[in-house]
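Single-letter residue listing:
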Amino acid sequence: MVRDMTTGSSAKKLILFSIPLLIGQVFQQFYNMVDSIVVGQYVGKEAFAAVGSTGSITFFVLGLVFGACSGFAIPVAQDFGAGDVKGVRRCVANIIYIGAAFAAVMTLVTAPLTTQILELMGTKPELMDDAYDYLFWIFVGLAAQMMYNLLAGILRSLGDSRTPLVFLILSSLLNVALDILFVRNFGMGVKGASIATVLAQLASGVCCLIYIAKKHPILHLTREDMRPDGATIRRLLEIGLPMGLQFSITAIGSIILQWAVNGLDLNAIASVSAASKVQNLVASLMDAFGVTVATYAGQNYGAGRIDRVRRGIRQVYLMLLVCSVAGFLINALASDRIALLFLDAGETEVIAQVRQFMIANSYFYPALAGIYVLRNALQGVGFSKAAMLAGLFELVARSVMGLFVVPALGFIAVCYANPAAWVMADVILIPLYAVLMRKLDARVNAQPEPVPAA
């Protein structure tokens, strides 16, 4: 279903658009958690720690893919908001070319270097084989990840957040079934878990493609649409690459932090692995509103409605403050119970450290909310390079914590590494937002009024 977000109640449009994304983010995190749950329950703590030790590098590579895909969809949202149907189709056609090239290059660069990457991460020798088996197949399946995220991003840019959710739920259920089949029944270990993830992601991408072909005439491309267009490719790359690099820059800090964690004992590695999974589940609410803000800002920027952009940003931040309180309560009341999804009840030290990590992080959720709102809003209106600076500040904070503070103070420093990064990102985002939105007002006021979307 196509949804025009440039008219009507902004709060209502934001909530209606975000609800499927909220559900989808929960399923996405469940999707990501299933591998760890199945491996932790059926293979053991060492295998669970091995999968967890790959988390930061997986975030680096998949974050680049996800960020770029989200960025490529923003010009589609802008053209849709401006009522430019030909522009929408031209963007989609050129996204196909860029996406195919991007996936091929990423796979060829990462998969052959899996061992070297793990060695650079300081992966413990006893975890190396399982970590390799998991990471290698994730790299091999990057094209499937790219396919789903590109098509889902295009659908969301048109205001359709429900369809990607349906296919994500189906792929999540498929992932669960394949995980259990490959790991428990076939005894394939962590390799089976990663292959199951790739196959489930591929299925969701194929479903999105079939749905677009049957239900979205606006995306039916002609031979003229399919011609590569240099100006469109530059426009897509100018927004998509900075967003992808922003995710990866943030992930570099996480890699440095994971390197520091890998230098601690096995309990600390397992604790951070489990806590990160729980953290991602709580933060999924903010992820959903972040995607909502980017799409909403993009459409309204295309329509010249900067007043609605500002109003929507304020409303979403208030919603995320409520989510922050809910996240704190979840961590305070249930983080140790959630950890039992991954760990045996006898791992009392690990479970206690998971709770310590989550409580420390939850104090700073309002700062994390600011990142999701302001960064995605700036990206939605075309300031991707400026938003990327926040990622650089996060990188600096996590690097300092990982290189200097964690070796000196141990696990307690790990607990406060993410909050330090969030606060540093807000230090640059808040003034950037104030300055750039004033510049945007001047730019839009100097242009003729655009034609609203049909």
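Residues numbered from 1 in each chain as written. Predicted model: local features only at pLDDT ≥ 70, side-chain atom pairs only at ≥ 80, totals over all residues. Heavy atoms only, no water.

### Looking at the overall build of the chain
Thinking step 1. The helix and strand inventory of the chain stands at 17 helices and 0 strands.
Thinking step 2. Radius of gyration (C-alpha) of the chain: 21 Å, near the 22 Å computed for a compact globule of 454 residues.
Thinking step 3. Principal-axis analysis of the C-alpha atoms gives the chain an extent of 65 × 45 × 35 Å.
Thinking step 4. When burial is assessed residue by residue, the chain has 58% of its 454 residues classed as buried.
Thinking step 5. Accessible area for the chain stands at about 17,700 Å²; split by element, carbon and sulfur atoms hold 68% of it.
Thinking step 6. Charged side chains in the chain number 32 positive and 27 negative. The centres of these two groups are separated by 12 Å. (Helix = DSSP H or I, 4+ residues; strand = E, 2+ residues; numbered from the N terminus. Rg over C-alpha atoms; globule rule 2.2 N^0.38 Å. Buried < 20%, exposed > 50% of the residue type's maximum accessible area, 1.4 Å probe, protein only. Areas by Shrake-Rupley, 256 points an atom, 1.4 Å probe, with all protein chains shown as cover. Lys, Arg positive; Asp, Glu negative; His and termini not counted. Charge placed at Lys NZ, Arg CZ, Asp CG, Glu CD.)

### Concerning the packing of aromatic side chains
Thinking step 1. Using the criterion set out here, one finds 6 aromatic pairs in the structure.
Thinking step 2. For the ring pair F182 and F186, a centre distance of 6.0 Å and an interplane angle of 25° mean the geometry is stacked.
Thinking step 3. The structure contains a cluster of three or more aromatic residues connected by ring pairs, namely Y132, F136 and W137. (Phe/Tyr/Trp six-rings, centres within 6.5 Å; stacked < 30°, edge-to-face > 60°.)

### Things to note about the nonpolar core
Thinking step 1. In this structure, F72, M146, L219, L320, F342 and L440 are the most contacted members of the largest nonpolar core, which totals 121 residues.
Thinking step 2. With 16 residues, helix 11 (residues 266-302) is the single largest residue contributor to this core.
Thinking step 3. Residue contacts for L440: discarding those within four places in its chain leaves Y301, I306, V381 and F383.
Thinking step 4. Counting 10 residues, the second largest nonpolar core, distinct from the first, contains V34, V51, Y134 and A193. (Core = buried A, V, L, I, M, F, W, Y, C linked by side-chain atoms within 4.5 Å. Contact = heavy atoms within 4.5 Å.)

### Concerning the side chain of S172
Thinking step 1. Assignment of secondary structure puts S172 in helix 8 (residues 162-185).
Thinking step 2. For S172, the side chain forms a polar contact with the main-chain oxygen of L168, separated by 2.8 Å. (Polar contact = N/O pair within 3.5 Å; in protein donor to acceptor, adjacent residues only side chain to side chain.)

### Quick notes on a nonpolar patch on the surface
Thinking step 1. A cluster of nonpolar side chains, W259, V396, V400, L403 and F404, forms an exposed patch at the surface whose accessible area comes to about 490 Å².
Thinking step 2. Tracing the backbone shows L403 in helix 15 (residues 384-409). (Patch = residues over 30% accessible without salt bridge, like charges linked within 9 Å, V, L, I, M, F, W, Y side chains within 5 Å. Salt bridge = Lys/Arg side-chain N within 4 Å of Asp/Glu carboxyl O.)

### Points about the packing of helix 7 (residues 142-157) against helix 9 (residues 189-215)
Thinking step 1. Axis separation between helix 7 and helix 9 bottoms out at 8 Å; the angle between their running directions is 35°. The hand of the helix 7/helix 9 crossing is left-handed. Residue-level contacts link A144, Q145, M147, Y148, L151 and L155 of helix 7 to T197, V198, Q201, L202, S204, G205, V206, C208, L209 and I212 of helix 9.
Thinking step 2. Residues of the contact of helix 7 with helix 9, tallied by class, amount to 11 nonpolar, 5 polar and no charged. (Axes fitted to C-alpha atoms, helices over the stretch in contact; angles between N-to-C directions. Left-handed = near helix turned anticlockwise from the far one by under 90°. Nonpolar A, V, L, I, M, F, W, Y, C, P; charged D, E, K, R; others polar.)

### A short note on the confidence of the model for the chain
Where the model shows low pLDDT, its predicted coordinates should not be examined in detail.
Thinking step 1. On average, residues of the chain carry a pLDDT of 88, and 97% of them reach 70 or more.
Thinking step 2. A low-confidence stretch, residues 450-454 stays under pLDDT 50, and its non-local contacts, those more than four residues away or across chains, total 12 contacts. (pLDDT = per-residue confidence, 0-100.)

### With respect to the pattern of salt bridges
Thinking step 1. Taken as a whole, this structure holds 6 salt bridges when the rule is applied.
Thinking step 2. Notably, a salt bridge pairs R305 with D307, separated by 3.1 Å at the nearest N-O pair.
Thinking step 3. For D307, a relative accessible area of 37% translates into the label partly exposed.
Thinking step 4. Across the pair R311 and D307 runs a salt bridge, and its minimum N-O distance is 3.7 Å. Of the two residues, R311 and D307 both sit in helix 12 (residues 306-339), 4 residues apart, roughly one turn of that helix.
Thinking step 5. Where salt bridges share partners, they join R305, D307 and R311 into one cluster.

### Description of the state of the cysteines
Thinking step 1. Following the criterion strictly, the structure yields 0 disulfides and no others.
Thinking step 2. Of the cysteine sulfurs around C207, a residue in no disulfide, the closest is that of C208, at 7.3 Å.
Thinking step 3. Classification of C207 as partly exposed rests on a relative accessible area of 29%. (Disulfide = S-S within 2.5 Å.)

### A look at the environment of I96
Thinking step 1. Topologically, I96 is positioned in helix 4 (residues 85-110).
Thinking step 2. It is 9.0 Å that separates the C-alpha atoms of I96 and M147, two residues lying 51 residues apart in sequence.

### Quick notes on the side chain of S362
Thinking step 1. Checked against the element boundaries, S362 lands in helix 13 (residues 348-362).
Thinking step 2. A relative accessible area of 4% places S362 in the buried class.
Thinking step 3. Non-local contacts of S362, meaning those with residues more than four positions away in its chain, are made with F328 and N331.

### Some thoughts on the packing of helix 3 (residues 55-81) against helix 10 (residues 230-262)
Any two packed helices are characterised by the angle at which their axes cross and by the distance between the axes.
Thinking step 1. Running from N to C, helix 3 and helix 10 point in directions that differ by 155°, and their axes come no closer than 7 Å. Between helix 3 and helix 10, the angle is such that the two are roughly antiparallel. Judged by the sense of rotation from one axis to the other, the crossing of helix 3 with helix 10 is right-handed. (Parallel < 35°, antiparallel > 145°, perpendicular 65-115°, else oblique.)

### Observations regarding the environment of M128
Thinking step 1. As for its placement among the helices and strands, M128 is situated in helix 6 (residues 128-140).
Thinking step 2. Along the primary structure M128 and V206 are separated by 78 residues, whereas in three dimensions their C-alpha atoms are 33 Å apart.
Thinking step 3. Apart from residues lying up to four places away in sequence, M128 is in contact with L118, E119 and T123.

### Digging into the environment of K13
Thinking step 1. As for its placement among the helices and strands, K13 is situated in helix 1 (residues 10-42).
Thinking step 2. For the pair K13 and G159, spaced 146 residues apart in sequence, the C-alpha to C-alpha distance is 9.5 Å.
Thinking step 3. K13 has contacts with R3, D4, M5 and T7, leaving out every residue within four places of it along the chain.

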